[in-house]
Amino acid sequence: MADSKREIERKYEATPETRLPDLTRAAGVFEVAHRGVRELDAVYYDTDDLRLAAASLTLRRRTGGDDEGWHLKFPVASGIRDEIGAPLADTLPDGLAALLRSRVRRAALAPVVRLRSARDVHHLLDADGALLAELSIDAVRAERLTEDGGGATAAWTEIEVELADGGDPAFLDVVERRLRKAGVRPSASSSKLARALDETAPGTGHHKSKHKNDRRKASGKAPANSPARATAGDHVLAYVREQTEAIITLDPAVRRDLPDSVHRMRVATRRLRSAFRTYRGILDRTLTDPVGEELKWLAAELGVDRDQEVLDERLSAAIAALPRTLRLGPVRGRLRIWSTARRAGSRRRTVAVLDGQRYLALLDSLDALLADPPLLPAAARPPGKALSRAVLKDHDRLAARIDHALAHPPGHERDLALHEARKAAKRARYAGEAARPALGGPAKRFARRMKDVQKLLGDHQDSVVARDALRDLAIQAHAAGESAFTWGLLHGQEAARAAARERELPETWARASGPGLRADLKG
C-alpha cells in the first residue's frame, strides 16, 4: 500500500464556457503551465445503504491520469482529506478493505457511481518553476450503477484547485480571491461523489430528500429537521451515539498508527461504558451491562501499548532530569531494552483485536442498542432533573471512595483504594461532560473540577506503576552486573511524589466539591 497523502483542495462551480482569469496576477504565481487534458474513469464503491458516503468516505477504482489505482479518502476537515492509494487491481486490496472494516463489517461493497471526467490541467508555478497548486477544469459525466436508480445520469463542469504537497494552505485563499473576482463561486458539494449521488438519486424533490435522510440514518445522524433533544433519554442517546461514532471513526486511524489514535479510541470506549453505568436509571442495565463488559475488554486491549508508552515517557523524563553524576551505568540503554521487550508484538495484537469477530460483534451490539434503545420510564422526563441527579450520584460515589482511601494508612491498601477513587473521578468527569448539552455551565464546571481530582489521582497511580517498574529495572540491572543506584534513586523520588499527592488530595477535593456544587447542578 502506498503512503497516505494529505489532499488540500477547493472546488468551484463552472460551465463549459467558463474561462480562467489571469492567475499570474495572484501573489506568488509566476507562470500558469497548461498540461493538457486527461481522461479519467472512476468507479465508486459503497454498501447498499451508502455507509461510506454517510461518513464522507470515498472509495474508488480509477484508470487514467498519473495516479490510477484504488483510492480511499478520509475526511480531516473542510476541504482536507487523507488519501490512501493502492496499485490498480481487479479487486479491492486487503489493506484498504481493513481500513473500512468498522464501517462495512460484513456488508458487501459494490459499484454505486461511475464518473468519467475530461480533466483540463494547469499547473500554477512560482518563479523557480516549483509547483504551487494544480488547477483543473473537469467536465464530469456521472452514471448511477445501483439497482435502485441505475442508469440515471448527470453532468456538470467544475474547477478544482489542489495545493501542492507541503504547500501553504493560505495560497488557496490567494487563488480564490482571483477566481471570485472573475465571478467563479465555490461549489455547493463537498466532493464529486456527493454531487453525483444527489443528482442521480431516484426521483426528484421528496425522493431526493428521502435519499439524503437515508444516508444520515446509515451514519446514525438525525435529519436536520429532527425534533430538538427534549428528554433525558434524548440527551443520553446523543452522547452514546457520539462515542460510538468516535470508536468507528478512530478504527482506521489506529490501524494506520496515527498519533494518539489508540488513546482517543480507548477514551471513547471508557466514556461510553461510563455513560451506561451513570445513566442506568435511563437505559436498562440488563441490556447495557453486557455491552459495557465488552467495552471494558476493548479498553483493556487498547491499553496494553498505551500504558507502556506513558510509562516510558515518565521514566525517560525522570532520567533526563537527573544530573549526569547521578546516572550511574547504562540506564538509558537498560530502559530501552526493558521497554522493547514489554512492547514486542503489542501493535500486532491491537490490529488482531480490531480484525476479530468479538470486536465486530461489539460494534453490531452498539448499533442495535441505538436502533432500539432500552429506555426506562425516567428517559421520558425533562433532562435537567434526571441528569443532574445521576451526576450527583457519581459525585457522592467518588466522595465515599476518597474518604475510604484516606482512612487507610499510607501503603499498599491506600494505593489500591486511591486507584479505585481515580476511576470514580474519571466516571464523574465523564458524567458531567455527557450532561453538559442539557445542564450547560454547571455541568462544565463540575466536569472541570472532577478532572482536577482525576489528574491528581492519576499522577499518584502513575507513580505506583512507575515504582513497580523501577524495582523490576533495578533487579535486571543488578543481575547484569550494573549499578542499581539510579533506579533506587528514581524509586525514592516517585515515592516522595506519591506522598505529596496524598497530602494534596484533601485540599484538592475540598475545592472540587466545595459549597454550592449541588445547588449549581440542580439549578
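Quick note: structure is the one above.
Peer 1: When you look at the side chain of Thr508 in this model, what are you seeing that I'm missing?
Peer 2: Structurally, Thr508 can be placed in helix H16 (residues 485-512). Those residues within four positions of Thr508 in sequence are excluded, and the remaining contacts are Asp452, Val453 and Leu456.

Peer 1: In this structure, what is going on with the sheet that holds strand S2 (residues 31-46)? I would like to understand it.
Peer 2: In space, the eight strands of this closed barrel follow the order S1-S5-S4-S3-S2-S6-S7-S8, with antiparallel pairing throughout. Going across the sheet, the axis of each strand differs from the next one's by a mean of 35°, ignoring polarity. Packed on one face of the sheet, helix H5 (residues 192-199) meets strand S1 (5-14), S2, strand S3 (58-63), strand S6 (110-125), strand S7 (131-144) and strand S8 (153-163) and runs near 165° to S8.

Peer 1: Honestly, the packing of aromatic side chains in this entry has me stumped. Any pointers?
Peer 2: A complete count under the given rule lists one aromatic pair for this structure. Ring geometry for Tyr45 against Trp70: centres 5.3 Å apart, planes inclined by 45°, an arrangement best described as tilted. Taken together, the residues Tyr45 in strand S2 and Trp70 in strand S4 (residues 69-77) connect sequence positions 25 residues apart. In this structure, Tyr45 and Trp70 share a single accessibility class: buried.

Peer 1: What am I meant to see in the packing of helix H8 (residues 261-278) against helix H9 (residues 285-321) here?
Peer 2: Helix-helix packing: each pair is described by the crossing angle between the helix axes and the interaxial distance. Two numbers describe how H8 lies on H9: the axes approach to 9 Å, and their chain directions differ by 155°. Taken together, the axes of H8 and H9 lie roughly antiparallel to each other. In this structure, the crossing between H8 and H9 has a hand that is left-handed. For the pair formed by H8 and H9, the contact residues are Val262, His263, Met265, Arg266, Thr269, Arg270, Leu272, Arg273 and Phe276 on the first element and Thr288, Val291, Gly292, Glu293, Leu295, Lys296, Leu298, Ala299, Leu302, Gly303, Arg306 and Asp307 on the second. Along the lines of polarity and charge, the residues of the contact of H8 with H9 split into nine nonpolar, five polar and seven charged.

Peer 1: In this structure, what is going on with a positive patch on the surface? I would like to understand it.
Peer 2: Judged by side-chain charge, Arg381, Lys385, Arg389 and Lys522 come together as a positively charged surface patch. For Lys522, the position within the fold is in helix H17 (residues 517-522).

Peer 1: I tried to follow the nonpolar core on my own but got confused; where do I start?
Peer 2: Among soluble globular proteins, nonpolar side chains are generally buried collectively. Phe276, Tyr279 and Tyr359 are the most contacted members of the largest nonpolar core, which has 66 residues in total. At eleven residues, the largest contribution of residues to this core is made by helix H14 (residues 412-439). Apart from residues lying up to four places away in sequence, Tyr359 is in contact with Ser102, Ile247, Asp251, Met265, Trp297, Leu298, Val353 and Leu354. If you look at the next biggest cluster of nonpolar residues, it comprises 19 residues, including Leu124, Val161, Val175 and Val184.

Parameters and conventions
Residues numbered from 1 in each chain as written. Predicted model: local features only at pLDDT ≥ 70, side-chain atom pairs only at ≥ 80, totals over all residues. Heavy atoms only, no water. Helix = DSSP H or I, 4+ residues; strand = E, 2+ residues; numbered from the N terminus. Contact = heavy atoms within 4.5 Å. Pairing = 2+ DSSP bridges. Axes fitted to C-alpha atoms, helices over the stretch in contact; angles between N-to-C directions. Phe/Tyr/Trp six-rings, centres within 6.5 Å; stacked < 30°, edge-to-face > 60°. Buried < 20%, exposed > 50% of the residue type's maximum accessible area, 1.4 Å probe, protein only. Parallel < 35°, antiparallel > 145°, perpendicular 65-115°, else oblique. Left-handed = near helix turned anticlockwise from the far one by under 90°. Nonpolar A, V, L, I, M, F, W, Y, C, P; charged D, E, K, R; others polar. Patch = residues over 30% accessible without salt bridge, like charges linked within 9 Å, V, L, I, M, F, W, Y side chains within 5 Å. Areas by Shrake-Rupley, 256 points an atom, 1.4 Å probe, with all protein chains shown as cover. Salt bridge = Lys/Arg side-chain N within 4 Å of Asp/Glu carboxyl O. Lys, Arg positive; Asp, Glu negative; His and termini not counted. Charge placed at Lys NZ, Arg CZ, Asp CG, Glu CD. Core = buried A, V, L, I, M, F, W, Y, C linked by side-chain atoms within 4.5 Å.

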